[in-house]
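Tertiary structure, described
Here's the letter readout for the chains.
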Amino acid sequence: MSESDKAKAQLVIVTGLVILSFIFKFQHPYFLIAAAVIGVGSIAIPAFGDLIVKGWYKLAEILGAINGKILLSAVFFIVLFPVALLAKLGKKNPLHLKKEEGDSVFIERNHKYSAKDLEQVW
């Protein structure tokens, strides 16, 4: 990672902490103190800034792994599961997977193919 990328990440962290202090109306000065410590520490001690950036990216990696699972689970239970339940309740056997009469799922189709059937097969 280049030095400019590290500086950008440190600036984003400090800016985020300052914005959080504005959101919480300066009730707790902890966000401003943390922003000052990270900002001054990153400028004064480059190794401290590198450590902060590595921790920031590690946190982002962990949150990315967790959020992917949470979002996919939410999509499954909010969208796919209700659709599957409605399909199950609405249609008896839309794919003809269950055997209805006899032992075979084979459906006999008496159709004579013509040249038109093979023109646009896709």
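This write-up is about the structure you can find in this document. Numbering of residues starts from 1 in every chain and runs along the sequence as written. Totals for whole chains, interfaces and linings use every residue, but because this is a predicted model, local features are given only for residues with pLDDT of at least 70 and side-chain atom pairs only at 80 or more, for both listing and counting. For the side-chain quantities, the full set of heavy atoms in the structure was used; hydrogens and water were omitted.

**Focus: the overall build of the protein chain**
Defined as follows: Each helix corresponds to a stretch of at least 4 residues labelled H or I by DSSP, and each strand to a stretch of at least 2 residues labelled E; elements are numbered beginning at the N terminus. To get the radius of gyration, use the C-alpha atoms; to get the globule rule, take the number of residues to the power 0.38 and multiply by 2.2 Å. Between buried and exposed lies partly exposed: a residue is buried under 20% and exposed over 50% of the maximum accessible area for its type, with that area taken using a 1.4 Å probe on protein chains only. Contacts between residues were defined by any pair of non-hydrogen atoms, one from each residue, lying within 4.5 Å. Calculation of accessible area relied on Shrake-Rupley with a 1.4 Å probe; when residues are assessed, cover is drawn exclusively from the protein chains displayed. Charge counting follows a simple rule: Lys and Arg are positive, Asp and Glu are negative, and His as well as the terminal groups are ignored. The location of each charge is read from NZ of Lys, CZ of Arg, CG of Asp or CD of Glu.
Scanning the protein chain from N- to C-terminus turns up three helices and zero strands. Compactness check: the protein chain gives a C-alpha radius of gyration of 30 Å against a globular reference of 14 Å for 122 residues, more than 25% above the reference. Projected onto the principal axes, the alpha-carbon positions of the protein chain cover approximately 85 × 35 × 25 Å. Every one of the 122 residues in the protein chain was classed for burial, and the buried ones make up 11%. Of the contacts made within the protein chain by residues no fewer than 6 positions apart, 36% connect residues no fewer than 24 positions apart. With the model as given, the accessible surface of the protein chain reaches about 10800 Å², and the carbon-plus-sulfur share is 70%. For the protein chain, the distance from the average position of its 14 positive side-chain charges to the average position of its 10 negative side-chain charges is 7 Å.

**Looking at the nonpolar core**
Worth spelling out the cut-off: Side-chain atoms within 4.5 Å link the members of a nonpolar core, which is a set of buried Ala, Val, Leu, Ile, Met, Phe, Trp, Tyr and Cys residues.
Within the largest apolar cluster, five residues are counted, these being Ile 13, Val 14, Leu 17, Ala 35 and Ile 38. Apart from the residues within four sequence positions on either side, Leu 17 is in contact with Phe 31, Ala 34, Ala 35 and Ile 38.

**Here we look at helix 1 (residues 3-23)**
Defined as follows: Each helix should span, by expectation, one fewer than its residue count multiplied by 1.5 Å. Our arc is simply the arc of the directions from the helix axis toward the C-beta atoms.
Taking 1.5 Å per residue as the helical rise, helix 1 with its 21 residues ought to reach 30 Å, and the 30 Å between its terminal C-alpha atoms agrees with that figure. For helix 1, the full list of buried residues reads Lys 6, Ala 9, Gln 10, Ile 13, Val 14, Leu 17 and Ser 21. One side of helix 1 holds all its buried residues, which, seen down the axis, span an arc of 130°. Seen from the buried face of helix 1, the exposed residues on the opposite side, beyond 90 degrees, are Lys 8, Leu 11, Val 12 and Ile 23. Of the surrounding elements, those touching the buried residues of helix 1 are helix 2 (30-44) and helix 3 (46-90). Note on helix 1: the residue one or two positions beyond its end, Lys 25, has a positive phi of about 55°.

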